[in-house]
Amino acid sequence: MSGQNVEDLLRECAPRVLGALVRRHGMFDACEDAVQEALLAAALQWPEEGVPDNPGGWLLTVASRRLVDEIRSDEARRRREDARAAEPEPAAPDPALDRDDSLLLLFLCCHPSLSQPSRVALTLRAAGGLTTAQIAAAFLVPEATMAQRISRAKQSLKASGMPPDAERSARLAEVRHVLYLIFNEGYTASGGPDLTAPGLSAEAIRLTRMLHGLVPDDAETSGLLALMLLTDARRRARTSPSGELVPLDEQDRSLWDGALIAEGVDLVSRALPRGDVGPYQLQAAIAAVHDEAGSPDATDWPQILALYDLLELADPDNPVVSLNRAVAVAKARDPEEALALLAALERDKRLRDHHRLLATRAHLLELQGRTSEAAGAYRAAARRATSAPERRHLTRRADRLAP
């Protein structure tokens, strides 16, 4: 087996092994360290000696031994853990690592006591198998800063276990939100020289596929996976060969991934009739309408506006939804009506200084032929953009409209 295949197998096994170890022993921080040591041992041995018949069981055995060694060497915990450490280890641990262990792991990583950045970092580290250096590079922070963030998060989870049934639904929503944030950061990086971080969006899709396998009847998880697939299907067309941003209505649609579109459409089509329709399902439905249009002019904007009307009802306190709905109003009805909606959004402190509000205003002014005002708005948006490709794109649009 090649090194890349071994790496993929280890990342697939890691969350199930860590979840099983945490369920058995508690002590999230110590279990995570033990699993990391087991993964390192496997990465060194398997390419040379071959992959064992039961890779998950092998990793669980090695990690359990490392954990027991650590327990035995810790004088402060010896008395509390002696009974557990003295238990004979099974010769062949149960190879069927309970699927709920992966769900437990995601629940732990998204514990409500952790800050949102810590939830994201810990999910990528523990459930995604990314190294601290990889996570730090993706979020443009020093490795030492990310290491401290992850260490503090692990310490906070020492006594945590599976949440009671009453909390699981809310915790599942937190897991979905964290995966959504990871995907968005990969699809449009919040800073740095590149527009996208494909590794992050790919990891978000992988973890969401795993979550969907754990809760296949959860319609919002199906909607989230569909949304990611339908959005990522356009990734190759979003940038020019030189890495510059290409807006949706200028993209070469032959570059869109038809297989991802078909899978996403199928997922959301099966999720919508199940019952309560949530924000992720509605966003996926909007993405599906865009993806199924053969050209910008063929886009069914009235249908998109109707879906945004529902999305505003499902997610009423989200100014980004209202901003995107304003664009749909401009396309389906009238740019002047959309500008009136933006005037209300400018009073929302969460959005009023955001470059996307200014960029949307510029776009609506351009649709009305008010080119001088649009150019000024594009320049104002460029000054606030933190992504270099977005800043260059907005500046070019301003230059194109300037006298």
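These numbers were taken from a predicted model, which means no experiment stands behind them.

*Asks:* Mind laying out the overall build of the protein, listing which residues take part and the relevant values?
*Replies:* Each helix and strand counted, the protein has 19 helices and 0 strands in total. Out of the 403 residues in the protein, the part that is buried amounts to 51%. Considering only residue pairs separated by 6 or more positions, the protein has 64% of its internal contacts joining residues 24 or more positions apart. When the accessible surface of the protein is totalled, it reaches about 18,900 Å², and 51% of it is carbon and sulfur.

*Asks:* Requested: an account of the layout of surface pockets, with residues and values cited.
*Replies:* Volume-wise, the second largest pocket comes out at about 460 Å³. What lines the second largest pocket is a set of 18 residues, and nearest its centre among them are Glu7, Arg11, Gly129, Thr131 and Gln134. For the lining of the second largest pocket, the secondary structure elements donating two or more residues are helix H1 (3-25), helix H2 (28-49) and helix H10 (198-214). Considering only residue class, the lining of the second largest pocket consists of 9 nonpolar, 5 polar and 4 charged.

*Asks:* Run through the packing of helix H6 (residues 116-127) against helix H8 (residues 143-156), naming residues and quoting values.
*Replies:* With their axes 9 Å apart at the nearest point, H6 and H8 run at an angle of 90° to one another. What the angle tells us is that H6 and H8 run roughly perpendicular. Between H6 and H8, the residues in contact are Pro117, Ser118, Ala121, Leu122 and Arg125 and Met146, Arg149, Ile150, Ala153 and Lys154, respectively. Looking at the contact of H6 with H8 residue by residue, the class counts come to 6 nonpolar, 1 polar and 3 charged.

*Asks:* Kindly report on the packing of aromatic side chains, identifying the contributing residues and their values.
*Replies:* Evaluated as defined, the whole model comprises 3 aromatic pairs. An angle of 70° between the planes, with centres 5.3 Å apart, marks the rings of tryptophan 46 and tryptophan 58 as edge-to-face. On the criterion of sequence distance, the pair formed by tryptophan 46 in helix H2 and tryptophan 58 in helix H3 (residues 55-73) is long-range, its members being 12 residues apart. A residue is classified by how much of its surface remains accessible, and tryptophan 46, at 4% relative accessible area, is buried.

*Asks:* Give me the lowdown on helix H18 (residues 371-384), citing residues and values where you can.
*Replies:* In an α-helix, one turn spans 3.6 residues; hence positions three or four apart end up facing the same way. Over its 14 residues, H18 runs 20 Å from end to end, which matches the ideal 20 Å to within 8%, given 1.5 Å per residue. Turning to H18, its buried residues number three or more, namely Ala374, Ala375, Ala377, Tyr378, Ala380, Ala381 and Ala382.

*Asks:* Can you tell me about the pattern of salt bridges, naming the residues and giving the values?
*Replies:* This model, assessed by the stated rule, comprises 27 salt bridges. A salt bridge links arginine 325 to aspartate 309; the nearest nitrogen and oxygen atoms lie 2.7 Å apart. Note that arginine 325 is positioned in helix H15 (residues 319-332) and aspartate 309 in helix H14 (residues 301-314), a separation of 16 residues in sequence. Judged by relative accessible area, arginine 325 falls into the buried class, the value being 14%.

*Asks:* Provide a residue-level description of the nonpolar core, including the pertinent values.
*Replies:* In a soluble, globular protein the nonpolar side chains are often hidden away together inside. If you look at the biggest cluster of nonpolar residues, it comprises 84 residues, and the most contacted ones within it are Phe28 and Leu59. Take this core: its biggest share by element is 10 residues, from H1. By size, the runner-up hydrophobic cluster in this structure holds 38 residues, among which are Ala326, Ala377, Ala382 and Ala398.

*Asks:* Any chance you could break down the state of the cysteines for me, citing the residues and the numbers?
*Replies:* One covalent bond between the sulfur atoms of two cysteine residues makes up a disulfide. Enumeration over the complete set of coordinates arrives at 0 disulfides. This cysteine, cysteine 110, is not joined by any disulfide, and cysteine 109 carries the nearest cysteine sulfur, 6.3 Å off.

*Asks:* How would you summarise the confidence of the model for the protein if you had to cite specific residues and measurements?
*Replies:* Keep in mind that low pLDDT regions are not for reading the predicted coordinates in detail. Looking at the protein, pLDDT values average 87 and 90% of them are 70 or higher. Within the protein, the lowest mean pLDDT, 52, falls on helix H4 (residues 78-86), and the highest, 98, falls on helix H13 (residues 279-292). Scored below 50 in pLDDT, residues 88-96 makes 6 contacts in the model with residues more than four places away or belonging to other chains.

*Asks:* Could you give an account of the side chain of glutamate 203, naming the residues involved and the relevant values?
*Replies:* By the secondary structure assignment, glutamate 203 is in helix H10. A residue is classified by how much of its surface remains accessible, and glutamate 203, at 3% relative accessible area, is buried. Looking at glutamate 203, its side chain comes within polar contact range of the side chain of arginine 206, at 2.7 Å. Those residues in contact with glutamate 203 that sit more than four places away from it in its chain are Arg11, Leu124, Gly128 and Leu130.

*Asks:* I'd love a proper account of the packing of H13 against H14, names of residues and values included.
*Replies:* Direction vectors running N to C along H13 and H14 enclose 170°, while the axes themselves pass 9 Å from each other. Regarding the angle of H13 to H14, the classification is roughly antiparallel. From H13, Pro279, Leu282, Gln283, Ala285, Ile286, Val289 and His290 reach across to H14, where they touch Trp301, Gln303, Ile304, Leu307, Tyr308, Leu310, Leu311 and Ala314. Class assignment of the residues belonging to the contact of H13 with H14 gives a composition of 12 nonpolar, 3 polar and no charged.

*Asks:* Account for the side chain of threonine 299, with residues named and values stated.
*Replies:* Inspection of the secondary structure assignment puts threonine 299 in the loop between H13 and H14. At 3.0 Å, the side chain of threonine 299 and the backbone oxygen of proline 296 are in polar contact. Those residues in contact with threonine 299 that sit more than four places away from it in its chain are Arg253, His290, Ala293 and Ile304.

What counts and what doesn't
- Residues numbered from 1 in each chain as written.
- Predicted model: local features only at pLDDT ≥ 70, side-chain atom pairs only at ≥ 80, totals over all residues.
- Heavy atoms only, no water.
- Helix = DSSP H or I, 4+ residues; strand = E, 2+ residues; numbered from the N terminus.
- Buried < 20%, exposed > 50% of the residue type's maximum accessible area, 1.4 Å probe, protein only.
- Contact = heavy atoms within 4.5 Å.
- Areas by Shrake-Rupley, 256 points an atom, 1.4 Å probe, with all protein chains shown as cover.
- 1 Å grid on protein atoms, 1.4 Å probe; cavity = no way out; pocket = protein on both sides within 12 Å on 5 of 7 lines; lining within 4 Å.
- Points joined across faces, edges and corners; volume = space filled by probe spheres on them.
- Nonpolar A, V, L, I, M, F, W, Y, C, P; charged D, E, K, R; others polar.
- Axes fitted to C-alpha atoms, helices over the stretch in contact; angles between N-to-C directions.
- Parallel < 35°, antiparallel > 145°, perpendicular 65-115°, else oblique.
- Phe/Tyr/Trp six-rings, centres within 6.5 Å; stacked < 30°, edge-to-face > 60°.
- Expected span 1.5 Å × (residues − 1).
- Salt bridge = Lys/Arg side-chain N within 4 Å of Asp/Glu carboxyl O.
- Core = buried A, V, L, I, M, F, W, Y, C linked by side-chain atoms within 4.5 Å.
- Disulfide = S-S within 2.5 Å.
- pLDDT = per-residue confidence, 0-100.
- Polar contact = N/O pair within 3.5 Å; in protein donor to acceptor, adjacent residues only side chain to side chain.

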